[in-house]
Amino acid sequence: MEHLSWGRFPRTAQRDFPLGEPSTGLPRLLPPLLARGLGRSYGDSCLSRGTLLPTCSWNRFMAFDEASGLLKAEAGVSLGRILEVLGPRGFLPPVLPGTRHVSLGGAVASDVHGKNHHRAGTFGCHVHALELLRSDGSRTICSREQNGDLFAATIGGLGLTGLISWVELKLKAIPGPMIRVETQKLRHIEHFFRLEETDLALREYTVAWIDSGARGRHLGRGHYMAGDHADLPRPWPRPPLAFKVPGEMPTWLLNPLVLQTFNRIYHHSLLRQRAEALVSLYPFFFPLDRLERWNLLYGRSGFQQYQCVTAKPETLIRILQTVADSSHRSFLTVLKKFGDPVSPGLLSFPQPGFTLAMDFAQRPGLDRLFRQWDEWIMEDGGRIYAAKDARMTQGDFQRQYAQAPTFSRWVDPAFSSLFWDRVSGVKP
Amino acid sequence: MKVCVVGACSAIAQAVVERLLVEGHQLYLVARNQVKWQRLLADLAVRHAREIPGEILDACDVSQHRPLMERAAQAMEGLDCLFVAHGMLGDQYQDQEHWPSIERTLHCNFSSAASLATAAANRFLAHGTPGLIAVITSVAGDRGRPSNYIYGSAKGALNLFLQGMRARLFRKGIHVLTIEPGFVATPMTAHRGHGRLFASPEKVARDIARAMRRRKNILYTPCWWQPVMFVIRHIPEWLFKRLPS
């Protein structure tokens, strides 16, 4: 079976080994091993030169307490499945990333964040306990109180500390499936930073979409979306039907002109300066799930997502400026302000500041652009999201993730990924 | 309905269980492997917000079949359906020269299922229940082929057994459903690789649940297996034996 990362770059052959019952423990295989969830990591943190262990067969719910909202489930259960099963009973995973096709184990390993980071923190903030299968044959239950060091290393640990077999997560009670969303048209990037100071930014969910093709006085124009759960008990909706990209599209399809036009049309599709709407949570949280396998749109050469965080607005403006001046265009650009809640994870990506995520088709010259931005980000004390990266060097990693030396002590010697081979200096 | 499911951890049974629970039936789940059974029951308890009774039992142990019906009836306060889903494919080429292995496959696929059906029929007759006995056999039971005639003969015998039983019991209001799935993408067939002819357990389960509701006699699932097997059954033997297996 062919395994690729979500960005379909780099392309290297992958082997996998089907897991047995969770009780049988870790299979004895030639290292390095790496868990494989639903393959939504963009970069090479989900690829291995050894054997991938697909967790899709570990998809059972184990226990749920309605009084406390505490759910225990196997690592292969997806967030979408949790939503489908427990949403109708008024419970929601406390943090939802941009797709619902993420496994619990993957959400922990990448310590994912969502539109409510400024209030709820990362996914790892809501994990009460998890079980880790290590290559020494041990099964370790980790929580903040019990094996706290290993717990901290595993949250955001990119699957390197062992195989997560189950996760205990505290769900959030919600009044119903509807979100009251207010959308404001952003005239330019300064407008975004101004809105972040207003009451709108205090809503439970906030995120901005940016038109990466706009330049000059329109630089950083886009839409600012802020949402709250509507107190309307409605029947739980079905997930909207998804259109499936039939196959790998030609590489020229998403060329800069198409992307610029798409972004411009989307920007102007919001006719008024300000719009309010009541929407179901599926399109609100997971707009891209409407287009299944959208990563195939980029064609054979794939794409890279650049996601960084920095506390300095000037750096973001400079980055957007260089995109507008270059021949590269981002299909989807998302800007979000992170909050103060601190994740227990050692390698957790979010930190106070602004995070910018952009998707770029893999083309010559992209690396030079990224390199330049890396320097600016690192000067600010910011960092790049490891779960989306496919090119960070060992030095960059050490500089961006101060806890890296502590983390590496907890890495299971039989586990590695292509990402880890690179940033830990292993020569395959 | 109050349904006793034997072989509840099989992929087809799990998908059927899912549908029966959604339709609001009461279930008693019987499986051999304790670990799988516990995982399944915990999962169902969370997802359907109710505890489902059941037990660990090796369905090949025929001495337990009568007591099983009693225990299931006690747990659900009644019993009006038996669904038999256990079975083993065996390895034709490894087993074909070794009688004890053949006998094990025949026992597991034929004798134990026939015994379960008998136990359920006896209970339904004794209590005057217009019950339903649904048993999974296989299209492999329609014609013997060198590549799996051990499994096929057991399933074929089961087809005949159920056919006779159906004719005997229908006047008493007891219905017998023979389910003949084609290739289904389950762990039992994982070694063959799941090609285009393989149906998903969910698709098969949808057909089974409908056939149970409508009290169909013989169900081929997916339905196109019915004409295919009609043709295969009618190929003359002098030709059939020469066909590549």
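Up top is the structure these notes are about.
Owing to the predicted nature of the structure, the values given are computational and were not obtained by experimental measurement.

### Things to note about helix 6 (residues 149-169) of chain B
Residue and element names in this part refer to chain B.
Okay, step 1: If you check helix 6, its first and last C-alpha atoms are 29 Å apart, about what 21 residues at 1.5 Å a residue would give, namely 30 Å.
Okay, step 2: Residues of helix 6 that are buried include every one of Ile-150, Tyr-151, Gly-152, Ala-154, Lys-155, Gly-156, Leu-158, Asn-159, Leu-162, Met-165, Arg-166 and Leu-169, and no others.
Okay, step 3: Residues of helix 6 that are buried sit in contact with helix 4 (92-95), helix 5 (99-127), strand 5 (132-136), strand 6 (175-181) and strand 7 (218-221).

### Re the sheet that holds strand 1 (residues 15-16) of chain A
Residue and element names in this part refer to chain A.
Okay, step 1: Here three strands make up an open sheet; going across it, the order is 1-3-2 and the pairing parallel. Strand pairing shows two members of the sheet lacking a second neighbour, strand 1 and strand 2 (33-36), which therefore form its edges.
Okay, step 2: Bridge analysis of strand 1 against strand 3 (residues 51-54) gives two bridges, and the strand direction is parallel. Directly across from Arg-15, in strand 3, lies its bridge partner Thr-51.

### Quick notes on the pattern of salt bridges
All names here are of chain A.
Okay, step 1: Considering all chains together, one arrives at 32 salt bridges over all chains under this definition.
Okay, step 2: A salt bridge links Arg-221 to Asp-211, with the nearest nitrogen and oxygen atoms 2.9 Å apart. Note that Arg-221 is positioned in the loop between strand 12 (205-210) and strand 13 (222-229) and Asp-211 in the loop between strand 12 and strand 13, a separation of ten residues in sequence.
Okay, step 3: Judged by relative accessible area, Arg-221 falls into the buried class, the value being 9%.
Okay, step 4: On the basis of relative accessible area, Asp-211 is assigned to the buried category, the value being 2%.

### Considerations on the environment of A:Asp111
Residues and elements named next belong to chain A.
Okay, step 1: In this fold, Asp-111 is placed in the loop between helix 2 (104-109) and helix 3 (117-120).
Okay, step 2: Given a relative accessible area of 0%, Asp-111 falls into the buried group.
Okay, step 3: In this structure, the C-alpha to C-alpha distance between Asp-111 and Gly-176, residues 65 residues apart in sequence, is 26 Å.
Okay, step 4: Ignoring anything within four residues of it in the chain, the contact list for Asp-111 reads Thr-122, Phe-123, Gly-124, Ile-155, Gly-156, Ser-343, Ser-348 and Tyr-385.
Okay, step 5: From its side chain, Asp-111 meets the backbone nitrogen of Gly-124 in a polar contact 2.7 Å long.

### Concerning the packing of aromatic side chains
Residue and element names in this part refer to chain A.
Okay, step 1: As enumerated under the stated definition, the model contains 34 aromatic pairs over all chains in all.
Okay, step 2: Between Phe-192 and Tyr-224 the ring centres are 5.8 Å apart and the planes differ by 50°, which places this aromatic pair in the tilted class. Placement of the pair is Phe-192 in helix 5 (residues 189-195) and Tyr-224 in strand 13, with a sequence separation of 32 residues. Residues Phe-192 and Tyr-224 agree in their burial class; the two are buried.
Okay, step 3: Note on Phe-284 and Phe-285: the rings are 5.2 Å apart at their centroids and 75° apart in plane angle, and the pair reads as edge-to-face. There is no split in this pair, since Phe-284 and Phe-285 are both buried.

### Here we look at unusual backbone geometry
Okay, step 1: Residue A:Pro10 is bonded to the preceding A:Phe9 through a cis peptide linkage, with omega at -5°.
Okay, step 2: Relative to the helices and strands, A:Pro10 resides in the segment before strand 1.
Okay, step 3: Backbone torsion omega between A:Pro31 and A:Pro32 reads 0°, so that peptide bond is classified as cis.
Okay, step 4: Mapped onto the elements of the fold, A:Pro32 is located in the loop between strand 1 and strand 2.
Okay, step 5: Despite not being glycine, B:Ala49 shows a phi value in the positive range, around 50°.
Okay, step 6: Relative to the assigned elements, B:Ala49 resides in the loop between helix 2 (34-48) and strand 3 (54-56).

### A look at the packing of helix 1 (residues 11-22) of chain B against helix 7 (residues 201-214) of chain B
Residues and elements named next belong to chain B.
Okay, step 1: Remark: helix 1 packs on helix 7, axes separated minimally by 8 Å, with the N-to-C direction vectors making an angle of 55°. Accordingly, the angle class assigned to the pair helix 1 and helix 7 is oblique. Every pair of crossing elements has a handedness; the one defined by helix 1 and helix 7 is right-handed. Listed contacts from helix 7 to Ala-11, Ile-12, Ala-15, Val-16, Arg-19 and Leu-20 of helix 1 are Pro-201, Glu-202, Val-204, Ala-205, Arg-206, Ile-208, Ala-209 and Met-212.
Okay, step 2: For the contact of helix 1 with helix 7, a count of residues per class yields eleven nonpolar, no polar and three charged.

### So, the nonpolar core
Okay, step 1: Among the nonpolar cores identified, the biggest contains 99 residues, and A:Phe123, A:Leu130 and A:Trp373 are the most heavily contacted of them.
Okay, step 2: Counting residues per element, this core draws most heavily on helix 9 (residues 366-379) of chain A, at six residues.
Okay, step 3: Discounting chain neighbours no more than four positions away, the residues touching A:Trp373 are A:Tyr306, A:Ile319, A:Thr322, A:Val323, A:Met358 and A:Phe360.
Okay, step 4: Judged by nonpolar contacts, the second largest core, of 35 residues, contains B:Leu20, B:Ala199, B:Ile208 and B:Met212.

### Focus on the sheet that holds strand 13 of chain A
Residue and element names in this part refer to chain A.
Okay, step 1: Across the sheet, which stays open at both edges, the eight strands sit in the order 15-11-13-12-18-19-17-20 with antiparallel pairing between neighbours. Only two strands of the sheet have a single neighbouring strand rather than two, namely strand 15 (274-280) and strand 20 (383-384).
Okay, step 2: Pairing geometry for strand 18 (residues 333-338) and strand 19 (residues 353-361), over six bridges, is antiparallel. The partner of Phe-338 across the bridge, within strand 19, is Gly-353.
Okay, step 3: Running at roughly 15° to strand 19, helix 8 (residues 313-325) makes contact with strand 12, strand 17 (303-310), strand 18 and strand 19 of the sheet.

Conventions and cut-offs
Residues numbered from 1 in each chain as written. Chains lettered and ligands numbered in written order. Predicted model: local features only at pLDDT ≥ 70, side-chain atom pairs only at ≥ 80, totals over all residues. Heavy atoms only, no water. Helix = DSSP H or I, 4+ residues; strand = E, 2+ residues; numbered from the N terminus. Expected span 1.5 Å × (residues − 1). Buried < 20%, exposed > 50% of the residue type's maximum accessible area, 1.4 Å probe, protein only. Contact = heavy atoms within 4.5 Å. Pairing = 2+ DSSP bridges. Salt bridge = Lys/Arg side-chain N within 4 Å of Asp/Glu carboxyl O. Polar contact = N/O pair within 3.5 Å; in protein donor to acceptor, adjacent residues only side chain to side chain. Phe/Tyr/Trp six-rings, centres within 6.5 Å; stacked < 30°, edge-to-face > 60°. Axes fitted to C-alpha atoms, helices over the stretch in contact; angles between N-to-C directions. Parallel < 35°, antiparallel > 145°, perpendicular 65-115°, else oblique. Left-handed = near helix turned anticlockwise from the far one by under 90°. Nonpolar A, V, L, I, M, F, W, Y, C, P; charged D, E, K, R; others polar. Core = buried A, V, L, I, M, F, W, Y, C linked by side-chain atoms within 4.5 Å.

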